[in-house]
Amino acid sequence: MDWRSRTQLITLDISQVDLSDKDYLIPSYSPLTRLESSISAVGILNPPLVMMQDRVYVPILGRRRLQAAVNLGISSVSAGEMMSSLDDRSLFEIAFWDNIDNRPANPATTAYLVKRLLDLFEKRTAAERFFPSLGVSAFGPKIERLRMIGGLENVFLNALAQGHIQEKTAFIFSKISYEERVFVLNVILELGMNSNKAAEITSHFFDLAAFSGEAILDGHGAKLIIDIMATAEPNQEKTERVRSALFALRFPEIAGKQIEFSNKICKYRLTKNVQVKAHQAFESPGAIIEVRTDSWHTADSLLEILSEPKSNKES
Amino acid sequence: MNFKIDEIWVESDALEAPLTEKVIGRLPHAKVVVGSDIIKKKAELLLSKDPISRGKRILKLLQHKGAFLKKCPGTNEYVCCGLEILHTGQGCPMDCRYCALQAYFNRPTLEMFINTDEMIESFKTALTDQQRFRRICTGEFTDSLALDPLSGLSALLLDTFSGIQNVSLEFKTKTDFIEPLLNFRPMGNIVLGFSMNAPQITLTEELKTASLKRRLEKAKLASEHGYKLGFHFDPIIPLGDWRTAYKQTVDSIFRSVDSESIAWISMGVLRFTPDLKEIATQRFGAINYFHDGFARGLDGKSRLEVDRRISIYRYIATQIRSHFKDARIYLCMESPHVWEEALDTRMETDEQLADYLSAAFRS
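What you are looking at is a predicted structure, and each value in this text was computed from that prediction instead of being measured.

Participant: When you look at the overall build of chain A in this model, what are you seeing that I'm missing?
Facilitator: Of regular secondary structure, chain A possesses 14 helices and six strands. Taken over the C-alpha trace, chain A has a radius of gyration of 28 Å; the compact-globule value for 315 residues is 20 Å, which it surpasses by more than 25%. Taken over the C-alpha atoms alone, chain A extends approximately 95 × 50 × 45 Å along its principal axes. Taken over 315 residues, chain A has a buried fraction of 30%. The long-range fraction of contacts in chain A, counting pairs at least 24 apart against all pairs at least 6 apart in sequence, stands at 69%.

Next up, the structure:
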């Protein structure tokens, strides 16, 4: 693709650039601090590439450089201007190949690009020409999952890129309404939950709503969580209350058994080297007792007590 | 019932097989794809919007290179019945929304193994001089009879089995394709197993399958012809007024067939891998019951809470026993605790369960 011969070097008034235009965006989700330091020190080394569309310039290459310049109060920079128009696909492809090697490999960027490539190209073209560079398999359900995540608003993609939420949480977000995902993300961010706990509460919210047929915000879970959030407790305690409340709604029988089990254990004054656990999801009625010993001698004595006597034949 | 096959993909090692010729002859409107064209077609299929749906209309003919006889993929954490699978092919032209095969295979086409001579030979060898009773089934990775009008495999298997002692063969199906079986006078070791469910579940979740009424009509016909019958309530999906719904199905079984012809009745409440929930939702949109209180069980699959499962099994078993006190009811992949609570039966080991089921052929 010969695009250099169609460009000319101009002095670009940055105020004429529409940095919100996303046609050729290859998102990064990383802060501009280092780029700003670099530009402050040595200026913009490689001129960005822009194109005039509807009387404003839209960025094709160097969007972050232009944004950093704006942040630094720079009003004009040298830039290349694309003179004759290429189609959207070709321009996006220039942006893709220029950026793909220096973008951090985060799931938000990948998802955004999968969605954008599928919007612009035939699935086969996207899968064969571009997906390998993104580390995405050309086949399988993962593509659809990424496409849906890639359609999320920036705030959610940013949360994904920063590791506040996991891909599976973002996928659930893509299946619920904007208001619902804003609500759930706010709970996660306000409480400073780690991404595992965030995934857990999101899937509880989603399953409860999907099973009852109610919207998340109309469900009992949301009401309970709003009440918990309004308390003055420390975030860590609120987090545990939120988790327990949603778990109890989603698995009432297991939650009931957990309380019963805890009450049983409470009766014993166990030393800290003894732990009593229930079987996974109370699938079996028994318990697992774990005893840690400081010496083999103690272990030996305990095992003597617990073992069945050996028969004469065995001994 | 008939399943539409648009394309037949013939692998190079299957080109000369007599069964290949027979299948192509029976599908005159299907496009035959051979050689390197299969690779192109495969890429097209995998890139399509719903490869699983499209794959159900593509029949691949190939030689099976691995073992034909396999242990049913049970897990150590629950009591397994020790069934063995005769691997005749994989994939199913019917489309149950809950079907585990959607997540189990990474190849979406239907596959039919054309090296049936090898299949029969290898399995005759495996079954010679055996000491213990073995139960074999063909309907685990595919429906036993869905492609039988094309392959004629049931007749071949019935011929083979008539001479083998100490073994039973079960055809498990959701179809009504039993006619070829009626050309045989079965020995007592052949079971025709029908998958059963609540009427509403069959209607909305078991797409392209025979209706319950048809299945039961065929079950009756088969039992009158001398076949033993199996009924499989699996997966049980407790939606809405599930008690009335499952009672209705149980009642209709016993209205339709003589209880003495029933070898066994199995039950298994829906359980699934997390993948299945995602794949099925992608294909069919939201499926309400996948969002019920399924928690991770001992085998990593999502299962309903154990007491809920027990009450479901107990209820359905009571309905069955109200018609047939001595029904040989068994649970698929449940713990001894569930067996005891649901069926008042101590079932501690896989061997014990295998013996319990094999006894169906000794009485």
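Participant: Help me understand the overall build of chain B, please; the structure alone is not making it clear to me.
Facilitator: Summing up its helical and strand segments, chain B has 14 helices and 18 strands in all. Taken against the 2.2 N^0.38 rule, which gives 21 Å for 363 residues, the C-alpha radius of gyration of chain B at 20 Å falls within 12% of a compact globule. Projected onto its principal axes, the C-alpha coordinates of chain B cover approximately 55 × 50 × 35 Å. Counting across all 363 residues of chain B, residues that qualify as buried make up 42%.

Participant: Mind showing me how you'd approach the packing of helix α4 (residues 107–120) of chain A against helix α5 (residues 123–134) of chain A here?
Facilitator: Packed helices, taken two at a time, are described by the angle their axes make and the gap between the axes. Residue and element names in this part refer to chain A. Viewed as axis vectors pointing N to C, α4 and α5 meet at an angle of 155°, and their least axial separation amounts to 10 Å. Judged by the inter-axis angle, α4 sits roughly antiparallel to α5. Judged by the sense of rotation from one axis to the other, the crossing of α4 with α5 is right-handed. Facing α4, whose interface residues are T110, L113, V114, L117 and L118, α5 presents K123, A126, F130 and L134.

Participant: Explain unusual backbone geometry here, please?
Facilitator: With the exception of glycine, most residues fall at negative phi, and the peptide bonds are largely trans. Cis geometry marks the peptide bond from D234(B) to P235(B); its omega dihedral reads 10°. The residue P235(B) is located in strand β13 (residues 228–236) in this model. Here F282(A), not a glycine, exhibits a phi torsion of approximately 60°, which is positive. Even without a glycine there, the phi angle at K208(B) is positive, about 65°. With respect to the helices, strands and loops of the structure, K208(B) is situated in the loop between β12 (206–207) and α9 (212–224). The class of K208(B) is partly exposed, set by 17 C-beta atoms lying within 10 Å.

Participant: What exactly am I supposed to notice about helix α7 (residues 154–161) of chain A here?
Facilitator: Within an α-helix, residues lying three or four positions from one another point in the same direction, as the helix has 3.6 residues per turn. All names here are of chain A. Among the residues of α7, those classed as buried are F156, L157, A159, L160 and A161. Taken together, the buried residues of α7 touch α4, α8 (167–173) and α9 (178–191). Backbone geometry just downstream of α7 places G163 in the positive-phi region, at approximately 85°.

Participant: Help me understand the interface of chain B and chain A in this model?
Facilitator: Interface size, as often reported, equals the accessible area lost upon joining of the parts. With 20 residues of chain B at the interface, the matching set in chain A holds 19 residues. Residue assignment for the side of chain B that touches chain A shows that the elements contributing at least two residues are α2 (37–47), α11 (274–284), β16 (294–296) and α12 (306–323) of chain B.

Participant: Got a minute to help me understand the environment of I143(A) in this structure?
Facilitator: Residues and elements named next belong to chain A. Along the chain, I143 falls in helix α6 (residues 142–150). Placed 32 residues apart in sequence, I143 and A111 show a C-alpha to C-alpha distance of 8.6 Å. The contacts of I143, once residues within four sequence positions are left out, are V114 and V136.

Participant: Help me understand the sheet that holds strand β5 (residues 84–86) of chain B, please; the structure alone is not making it clear to me.
Facilitator: Backbone-to-backbone hydrogen bonds pair the strands of a sheet. The strands run either parallel or antiparallel. All names here are of chain B. Sheet architecture is open: eight strands sit in the order β4-β5-β9-β10-β11-β13-β14-β18, paired in mixed fashion. Each edge of the sheet is formed by a strand with only one pairing partner; in this case those strands are β4 (69–71) and β18 (329–331). Neighbouring strand axes in the sheet, compared pairwise and without regard to direction, differ in orientation by 30° on average. Pairing analysis gives three bridges linking strand β14 (residues 262–269) to β18, with the strands arranged parallel. Of the residues in β18, the one forming a bridge with S266 is Y330.

Participant: How do you make sense of the pairing of strand β3 (residues 56–61) of chain A when you look at a structure like this?
Facilitator: Side chains on a regular strand alternate between the two faces of the sheet. All names here are of chain A. Most of β3 is tucked away, with five of its six residues classed as buried. Of the strand pairs in this sheet, strand β2 (residues 49–53) and β3 are connected by five bridges, and their pairing is antiparallel. Of the residues in β3, the one forming a bridge with L49 is L61. Here β2 hands over to β3 after two residues, with D54 in that stretch at a positive phi of 50°.

Participant: Help me out: how do you make sense of the nonpolar core in this one?
Facilitator: When a protein is soluble and globular, its nonpolar side chains tend to lie buried together. In this structure, L61(B), L192(B), L229(B) and I316(B) are the most contacted members of the largest nonpolar core, which totals 97 residues. The element best represented in this core is α12(B), accounting for seven residues. The residues contacting I316(B), other than those within four sequence positions of it, are F233(B), Y246(B), V250(B) and M267(B). Ranked by size, the runner-up nonpolar core spans 66 residues in total, among them Y57(A), L118(A), L185(A) and M193(A).

Participant: I keep staring at helix α10 (residues 242–256) of chain B and nothing clicks. Help me out?
Facilitator: Residues and elements named next belong to chain B. Between its first and last C-alpha, α10 extends 21 Å over 15 residues, near the 21 Å set by a 1.5 Å rise per residue. Within the sequence span of α10, burial applies to Y246, T249, V250 and I253. Burial along α10 is one-sided: seen end-on, the buried residues are contained in an arc of 95°. Those residues of α10 that are exposed and angled more than 90 degrees off the buried face are T244 and R255. Elements in contact with the buried residues of α10: β11 (190–196), α8 (199–205), α9, β13 and α12.

Participant: Help me understand the pairing of strand β10 (residues 167–173) of chain B in this model?
Facilitator: Residues and elements named next belong to chain B. For β10, the tally of buried residues reaches six of seven residues, placing the bulk of the element in the interior. One ladder, built from four bridges, connects strand β9 (residues 134–137) with β10; its direction is parallel. Residue pairing in the sheet places I136 in a bridge with L169 of β10. Across five bridges, the pairing between β10 and β11 is parallel. The residue bridging E170 from the neighbouring strand is V191, located in β11.

Participant: How do you make sense of the sheet that holds β16(B) when you look at a structure like this?
Facilitator: The strand order across the open sheet built from three strands is β15-β17-β16 (chain B), with neighbouring strands paired in antiparallel fashion. One side of each edge strand has no neighbouring strand; the edge strands of this open sheet are β15 (271–272) and β16 of chain B.

Participant: Could you clarify how one ought to interpret the environment of E179(A) in this entry?
Facilitator: If you trace the backbone, E179(A) turns up in helix α9. Residues E179(A) and I216(A), spaced 37 residues apart in sequence, show a C-alpha to C-alpha distance of 9.3 Å.

Participant: It is not clear to me how the environment of S174(A) should be interpreted in this structure. Could you clarify?
Facilitator: Within the fold, S174(A) resides in the loop between α8 and α9. Once residues within four sequence positions are removed from consideration, S174(A) is found in contact with M148(A), I149(A), G151(A) and L152(A).

Participant: What's the story with the confidence of the model for chain B in this structure? I'm lost.
Facilitator: Parts of the prediction with low pLDDT should not have their coordinates interpreted in detail. In the predicted model, chain B carries a mean pLDDT of 94, and the fraction of residues at 70 or more is 99%. We note a pTM of 0.91 for the whole complex and an ipTM of 0.90 for its interfaces.

What counts and how
- Residues numbered from 1 in each chain as written.
- Chains lettered and ligands numbered in written order.
- Predicted model: local features only at pLDDT ≥ 70, side-chain atom pairs only at ≥ 80, totals over all residues.
- Helix = DSSP H or I, 4+ residues; strand = E, 2+ residues; numbered from the N terminus.
- Rg over C-alpha atoms; globule rule 2.2 N^0.38 Å.
- Buried ≥ 20, exposed ≤ 12 C-beta atoms within 10 Å, placed from the backbone.
- Contact = placed C-beta atoms within 7 Å.
- Axes fitted to C-alpha atoms, helices over the stretch in contact; angles between N-to-C directions.
- Parallel < 35°, antiparallel > 145°, perpendicular 65-115°, else oblique.
- Left-handed = near helix turned anticlockwise from the far one by under 90°.
- Pairing = 2+ DSSP bridges.
- Core = buried A, V, L, I, M, F, W, Y, C linked by C-beta atoms within 7 Å.
- Expected span 1.5 Å × (residues − 1).
- Arc of directions from axis to C-beta.
- pLDDT = per-residue confidence, 0-100.

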